[in-house]
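# Coordinate inspection notes
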Amino acid sequence: MTLWFVFALMTVAAIFAVLWPLSRRASASAGGSEAAVYKDQLAEIERDVAAGLIGVSEAEAARVEISRRLLAADSQPEFPVRSSLALRRGSAVVALVGLPVAAVMFYLAFGSPWLGDFPLASRARTADVNQPLENMVAQVVAHLEKNPADARGWTVLAPVLARLGRYDDAVGAYRNVITYAGDNAERRADLGEALSLVAGGVVTAEAKAEFERAVAQDADEPRANYFLGLAAEQDGRRADAAAIWRALLAKAPADASWRPLVQDALTRVGGSAAPPLSTEAMAAAKDMSDPDRSAMISSMVDRLAARLKQNGDDVEGWLRLMRAYMVMGQRDKAASALTDARQAVAADAERLRQLNEGAKSLGLDG
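In this numbering scheme, every chain counts its residues from 1 along its sequence in written order. Residue-level local features of this predicted model are given only where pLDDT is at least 70; pairs of side-chain atoms are given and counted only at 80 or more, and the full residue set underlies all totals for whole chains, interfaces and linings. Each side-chain value is worked out from all heavy atoms of the structure, with water and hydrogens disregarded.

### Regarding the overall build of the chain
The criterion, for reference: Segments assigned H or I by DSSP are reported as helices when at least four residues long, segments assigned E as strands when at least two residues long, and all are numbered from the N terminus. The cut-offs for exposure are 20% and 50% of the maximum accessible area for each residue type, with area from a 1.4 Å probe on protein chains only; residues under the lower value are buried, those over the upper are exposed, and the others partly exposed. Should any heavy atoms of two residues lie within 4.5 Å, those residues are considered in contact. Per-residue and other accessible areas were derived by the Shrake-Rupley procedure at a 1.4 Å probe size, with only the shown protein chains allowed to occlude residues.
Along the chain, the regular secondary structure elements total 18 helices and zero strands. The buried share of the chain, reckoned over its 366 residues, is 28%. Counting contacts in the chain only where the partners sit at least 6 residues apart, residues at least 24 apart contribute 51% of the total. Counting only carbon and sulfur atoms, one obtains 59% of the accessible surface of the chain, whose full area is about 22,900 Å².

### Concerning the pattern of salt bridges
Put simply, the test is: Salt bridges are defined by distance alone: a side-chain nitrogen of Lys or Arg within 4 Å of a carboxyl oxygen of Asp or Glu.
Tallied over the full model, the rule gives 17 salt bridges. A salt bridge links Lys251 to Asp220; the shortest N-O distance between them is 3.3 Å. In this pair, Lys251 sits in helix H12 (residues 238-251) while Asp220 sits in the loop between helix H10 (205-217) and helix H11 (222-234), placing the two residues 31 residues apart along the sequence. The exposure class of Asp220 is partly exposed, given its relative accessible area of 44%. Arg351 is the partner of Asp348 in a salt bridge, and the nearest nitrogen-oxygen pair spans 2.6 Å. Of the residues examined, Asp348 reaches a relative accessible area of 26% and is grouped as partly exposed. Arg351 gets classed as partly exposed once you look at its relative accessible area, which sits at 34%. The network of salt bridges with common partners includes Asp235, Arg237, Asp240, Glu350, Arg353 and Glu357.

### A closer look at the packing of aromatic side chains
Worth spelling out the cut-off: Think of it this way: a Phe, Tyr or Trp ring, Trp meaning its six-membered ring, pairs with another when their centres are within 6.5 Å, and the plane angle makes it stacked under 30 degrees, edge-to-face over 60, tilted otherwise.
Per the stated rule, a full pass over the model turns up three aromatic pairs. Look at Tyr226 and Phe227: their rings are 5.3 Å apart centre to centre, the planes differ by 80°, and that puts the pair in the edge-to-face class. Ring pairs connect the aromatic residues Phe211, Tyr226, Phe227 and Trp245, which therefore count as one cluster.

### Considerations on the nonpolar core
The condition is simple: For our purposes a nonpolar core is just a set of buried Ala, Val, Leu, Ile, Met, Phe, Trp, Tyr and Cys residues, chained together by side-chain atoms within 4.5 Å.
Counting residues in hydrophobic clusters, the biggest one holds 40 residues, and the most contacted among them are Leu157, Val203, Phe211, Tyr226 and Trp245. For this core, the element with the highest residue contribution is H11, accounting for seven residues. Apart from the residues lying within four places of it in its own chain, the contact partners of Tyr226 are Trp245, Leu248, Leu261, Val262 and Ala265. Grouped together as the second largest cluster of nonpolar side chains are 18 residues, Val301, Leu308, Leu321 and Ala359 included.

### Let's talk about the environment of Val301
Looking at the element boundaries, Val301 is found in helix H15 (residues 290-310). Residue classification places Val301 among the buried positions, given a relative accessible area of 7%. Sequence separation between Val301 and Leu321 is 20 residues, and the spatial gap between their C-alpha atoms is 6.9 Å.

### Digging into the packing of H10 against H11
Condition: Lines fitted to the C-alpha atoms define the axes, with helices restricted to the stretch that makes contact. Angles between their N-to-C directions range from 0 to 180 degrees. Any angle between 65 and 115 degrees counts as roughly perpendicular, while under 35 counts as roughly parallel, over 145 as roughly antiparallel, and the rest as oblique. Working rule for handedness: look at the near helix, and if it is turned counterclockwise from the far one by less than a right angle, call the crossing left-handed; if clockwise, right-handed. Gly falls in the polar group here, along with every residue not listed as nonpolar (Ala, Val, Leu, Ile, Met, Phe, Trp, Tyr, Cys, Pro) or charged (Asp, Glu, Lys, Arg).
Contact pair H10 / H11: the axes reach a minimum separation of 9 Å and the direction vectors enclose 140°. If you check the angle between H10 and H11, you find them oblique. Handedness of the H10/H11 crossing: left-handed. In contact with Lys208, Phe211, Glu212, Ala214 and Val215 of H10, H11 contributes Ala224, Asn225, Phe227, Leu228 and Ala231. Among the residues making up the contact of H10 with H11, the classes are represented as seven nonpolar, one polar and two charged.

### Looking at the environment of Arg259
Going by this rule: Side-chain atoms alone can form a polar contact between residues adjacent in sequence; in general such a contact is a pair of N or O atoms within 3.5 Å, and within protein one must be able to donate a hydrogen while the other accepts it.
Along the chain, Arg259 turns up in helix H13 (residues 259-268). Arg259 gets classed as buried once you look at its relative accessible area, which sits at 17%. Sequence separation between Arg259 and Pro222 is 37 residues; the distance between their C-alpha atoms is 9.8 Å. Once you skip the residues sitting within four places of it in the chain, Arg259 turns out to touch Leu249, Ala252, Pro253 and Ala254. There is a polar contact of 3.2 Å between the side chain of Arg259 and the backbone oxygen of Leu249.

### Focus on the side chain of Asp190
As for its position among the elements, Asp190 is in helix H9 (residues 185-198). A residue is classified by how much of its surface remains accessible, and Asp190, at 15% relative accessible area, is buried. When neighbours within four sequence positions are excluded, Asp190 is seen to be in contact with Tyr174 and Arg223.

### Quick notes on the confidence of the model for the chain
To keep things clear, this is the line we draw: Predictor confidence is given residue by residue as pLDDT, running from a minimum of 0 to a maximum of 100.
When the pLDDT values of the chain are averaged, the result is 76; 67% of them are 70 or greater. Per-element confidence in the chain ranges from a low mean pLDDT of 44 for helix H5 (residues 120-124) to a high of 95 for H10. For the stretch residues 27-32, pLDDT sits under 50, and the model shows one contact to residues farther than four places along the chain or on other chains. Contacts of residues 118-130 to residues separated by more than four positions or lying in other chains number two contacts, the stretch itself having pLDDT below 50.

Okay, structure coming up:
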């Protein structure tokens, strides 16, 4: 408050310095009255006559003219001058008293004069990072309670709630995002992930349904495919999980931030992140010269076929071999590989089912 008092004194001093001259009556020496001027002129004429500077007739004519002007000046009222002086003094009083009073009233109405200074220790204390975020969330929630159709508000709020660990609230927020901002694969994946987090990381049937909706809209949606693979792993279908994750990696950009996560998951279920024979490689081989293509494909196919003779339980390996034959246009060899594969996994009903489903997707369902 001491600082404000000093500022107030400085303001009063400045106003006083400007308005003080306006409050003073004009002195006679500064300008004089008109009548006094004419009287001085009459006295001057008398001195000139006595000194012989002008004649008597010229002096008389001058006296008559100056007397006439003196009478006219004496007839002028003096109240305008007094009125102007009163106005100036009134303005000074208003400026000196009224303006500070108005400023104080304004500050009392809109300021906080009772708020004390913050201690130095409080100013130096590190701010709580979570408190402002919680305050922001509370403000957004209050806003959305009054404006439930605000799509942008729900879009901002939902991921923040998930980051704060408020997964149940995040689920509701993501549902509102879909309702008011529109449905797409990414938002369905967001909702499915939030449902999984509510269940402690378990991909429930409800969450799985959301991921399947996401994949139906965008087959390459990475999070949805990852969680569908996780659902297969949690159901004990490790081969299915490996197939999903391997296909996801095959289409992923080389610099995708989530590649290590998927590769670790694939390793966890016993799969290989880099299949020895891919559809893309076979398609590229078709554009090579005959000798180069034959050499490349033969080496890969031979290596894969030799491995499958040692480990016939590898359903994914059989499917890759059949896919390679189909890309090369050798359908008969693909069908023969299917027969060999069925014989190799005949004793395992689950592997046989996976093999038949994979063969059907390749067009080998005979």
